[in-house]
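Descriptive analysis of the structure
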Amino acid sequence: MTPTDSPPKDHSTRDRVIRALLFVAVGVSLVVTLWGMDLDHLWAALKVADWRWLLLAALANVASQTTRAMGWNAMFTEPRIRFPLLVRIEFAVQAAAAVSPEGVGEFVRIGYLLREGIAKTVTVTLMLVRKYFSSLGLVPFLVFVWWPGSDVPGWAVAVACLYLAVLTVETVLIVRVARTPSAPAREGRLRKIVFDARTALGPVRRPRVFAEVGAAAVATRALDFLAAVAVAKALDLQLSVAVLVVVLLSIEVSNILPTLPGQLGTFEAAVLGATAGVLGQAEGLAFALVLHAQQVLPQIPLGMIAMADTSILRNRSKRNAS
């Protein structure tokens, strides 16, 4: 093995160790949180769930997949992708993410868009941009965390401030980097990748596109908030608007951790942490489980239907060029 081969191996080993330690940390936090819990109390909290509110939560979750597709539709200025196809792809991606290891869902997206003639570099770049906008969509709701008298813990206020600071830096970077070059300055694979990435970012700098993608992200977050409210109502839990926003913020921050399929484990830990001191252990876990279930369970059958639809595999020649 040559010396140049050693660093990637070392980095790979280091990354595996870090991921393993994070998995252990999540597992330990769940064990500590659930230790000594009264399971009868948990079951009693789940049994009182009002199915009508749960249905509203599930419908909000389904609608949020459409608003996510709207964000993708706004970013694809050239070439255009048929919106119904983007909706089906979104359902397929979310279903894959719910039943497979972290990141597999996005590989599904890359595969589908590659069939539509979208380069992998462009798709990966837009995935990062969409994640940025998804995080940005939560910002308007943070006002409830900072609102006087919200009574949220200090750590939540600090996390919200740090969250806003990180997004501000990302916004500056995107605005400065997203300049569409006329052509690669020189030949080379790396230069072509950089060119494709900057080309994909170019349209995002247009005020109309930025506004459309941002509006879709805010609409998605509003539907997530509606689902959280509906689940709290279904379980007859008295949770303030500020606490529900902290729940969404905690789930968002937990996404950076390695996780099992469907974000199992980190999702529950995030919700339990956000509701600690407001709900008892049994009520907090019941809220976490039902909130998670309404996100994952509708996505699986609808995503399977989308995957079974042969029109999702149409060739780029079938694309709507308008």
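So, how was this worked out
- Residues numbered from 1 in each chain as written.
- Predicted model: local features only at pLDDT ≥ 70, side-chain atom pairs only at ≥ 80, totals over all residues.
- Heavy atoms only, no water.
- Helix = DSSP H or I, 4+ residues; strand = E, 2+ residues; numbered from the N terminus.
- Buried < 20%, exposed > 50% of the residue type's maximum accessible area, 1.4 Å probe, protein only.
- Expected span 1.5 Å × (residues − 1).
- Contact = heavy atoms within 4.5 Å.
- Axes fitted to C-alpha atoms, helices over the stretch in contact; angles between N-to-C directions.
- Parallel < 35°, antiparallel > 145°, perpendicular 65-115°, else oblique.
- Left-handed = near helix turned anticlockwise from the far one by under 90°.
- Nonpolar A, V, L, I, M, F, W, Y, C, P; charged D, E, K, R; others polar.
- Salt bridge = Lys/Arg side-chain N within 4 Å of Asp/Glu carboxyl O.
- Phe/Tyr/Trp six-rings, centres within 6.5 Å; stacked < 30°, edge-to-face > 60°.
- Core = buried A, V, L, I, M, F, W, Y, C linked by side-chain atoms within 4.5 Å.
- pLDDT = per-residue confidence, 0-100.

Points about the overall build of the protein chain
Looking only at helices and strands, the protein chain features 14 helices and zero strands. For the protein chain, the N- to C-terminal ordering of α and β elements is α-α-α-α-α-α-α-α-α-α-α-α-α-α. A burial count over the protein chain gives 44% of its 322 residues as buried.

Points about helix H5 (residues 104-115)
An α-helical turn contains 3.6 residues, so a residue and the one three or four places further along point in the same direction. Given a rise of 1.5 Å per residue, 12 residues ought to cover 16 Å, and the 17 Å separating the end C-alpha atoms of H5 matches this to within 8%. By the burial criterion, the buried members of H5 are Gly105, Arg109, Ile110, Tyr112 and Leu113. Residues of H5 that are buried sit in contact with helix H3 (51-75), helix H4 (83-99), helix H6 (120-136) and helix H14 (299-308). Of the residues trailing H5, Gly117 is marked for its positive phi of about 85°.

Let's talk about the packing of helix H12 (residues 266-275) against helix H13 (residues 281-296)
Between H12 and H13, the shortest axis-to-axis distance is 9 Å and the interhelical angle comes to 135°. Put simply, H12 runs oblique to H13. The chirality of how H12 crosses H13 is right-handed. On the side of H12, the interface is formed by Phe267, Glu268, Val271, Leu272 and Thr275, while H13 contributes Gln281, Gly284, Leu285, Phe287, Ala288, Leu289, Leu291, His292 and Gln295. Split into classes, the residues belonging to the contact of H12 with H13 amount to eight nonpolar, five polar and one charged.

Focus on the pattern of salt bridges
Applying the stated rule across the entire model yields six salt bridges. One salt bridge connects Arg221 with Asp224, and the closest N-O pair in it is separated by 3.8 Å. Here the residue Arg221 and the residue Asp224 both occupy positions in helix H10 (residues 207-234), the gap between them amounting to three residues, near one helical turn. Each member of the pair, Arg221 as well as Asp224, carries the same accessibility label: buried. Among the ionic pairs, Arg221 bridges to Glu252, the shortest N-O distance being 2.4 Å. Here Arg221, found in helix H10, pairs with Glu252, found in helix H11 (residues 241-254); they are 31 residues apart in sequence, far enough to count as distant. By relative accessible area, Glu252 is classed as buried at 6%.

Things to note about the packing of aromatic side chains
Per the stated rule, a full pass over the model turns up four aromatic pairs. Residues Phe133 and Phe210 carry aromatic rings whose centres are separated by 4.9 Å and whose planes lie at 65° to one another, so their mutual orientation is edge-to-face. A residue pair is termed long-range when its members are at least 10 positions apart, and Phe133 in helix H6 and Phe210 in helix H10 qualify at 77 residues. The exposure class of Phe133 is buried, given its relative accessible area of 1%.

A closer look at the nonpolar core
By size, the foremost hydrophobic cluster in this structure holds 69 residues, and its most contacted members are Trp72, Phe76, Leu239, Val271, Phe287 and Leu291. The element contributing the most residues to this core is H10, with 10 residues. When sequence neighbours within four positions are dropped, the list of residues in contact with Phe76 reads Ile81, Leu86, Leu113, Ile118 and Leu126.

Looking at the confidence of the model for the protein chain
Averaged over all residues, the pLDDT of the protein chain equals 77, while 69% of them reach at least 70. The least confident element of the protein chain, judged by mean pLDDT, is helix H1 (residues 6-34) at 53; the most confident is H10 at 92. pLDDT under 50 marks residues 1-9. Its contacts with residues more than four places away, or in other chains, come to zero contacts.

Some points on the environment of Val247
Summarising the element assignment, Val247 is placed in helix H11. Val247 sits in the buried class, given a relative accessible area of 0%. Remark: the alpha-carbon pair of Val247 and Ala228, spanning 19 residues in sequence, is separated by 8.6 Å. Val247 has contacts with Val271, Ala274, Thr275, Phe287 and Leu291, leaving out every residue within four places of it along the chain.

Side note on the side chain of Glu90
Mapped onto the elements, Glu90 comes out in helix H4. Judged by relative accessible area, Glu90 falls into the buried class, the value being 0%. Setting aside its immediate chain neighbours within four residues, Glu90 contacts Gln65, Arg68, Trp72 and Arg109.

Focus on unusual backbone geometry
Despite not being glycine, Asp236 shows a phi value in the positive range, around 60°. Relative to the helices and strands, Asp236 is located in the loop between H10 and H11.

What about the packing of H3 against H4?
The contact between H3 and H4 brings their axes to 9 Å, and the two run at 125°. Here H3 lies oblique to H4, going by the angle between them. Once H3 is placed against H4, the crossing between them reads as right-handed. Between H3 and H4, the contacting residues are Val62, Gln65, Thr66, Arg68, Ala69, Met70, Trp72 and Asn73 on the first element and Phe83, Leu86, Val87, Glu90, Phe91 and Gln94 on the second.

Quick look at H11
Across its 14 residues, H11 extends 20 Å between first and last C-alpha, which sits within 8% of the 20 Å expected from 1.5 Å per residue. Most of H11 is tucked away: 12 of the 14 residues are buried.

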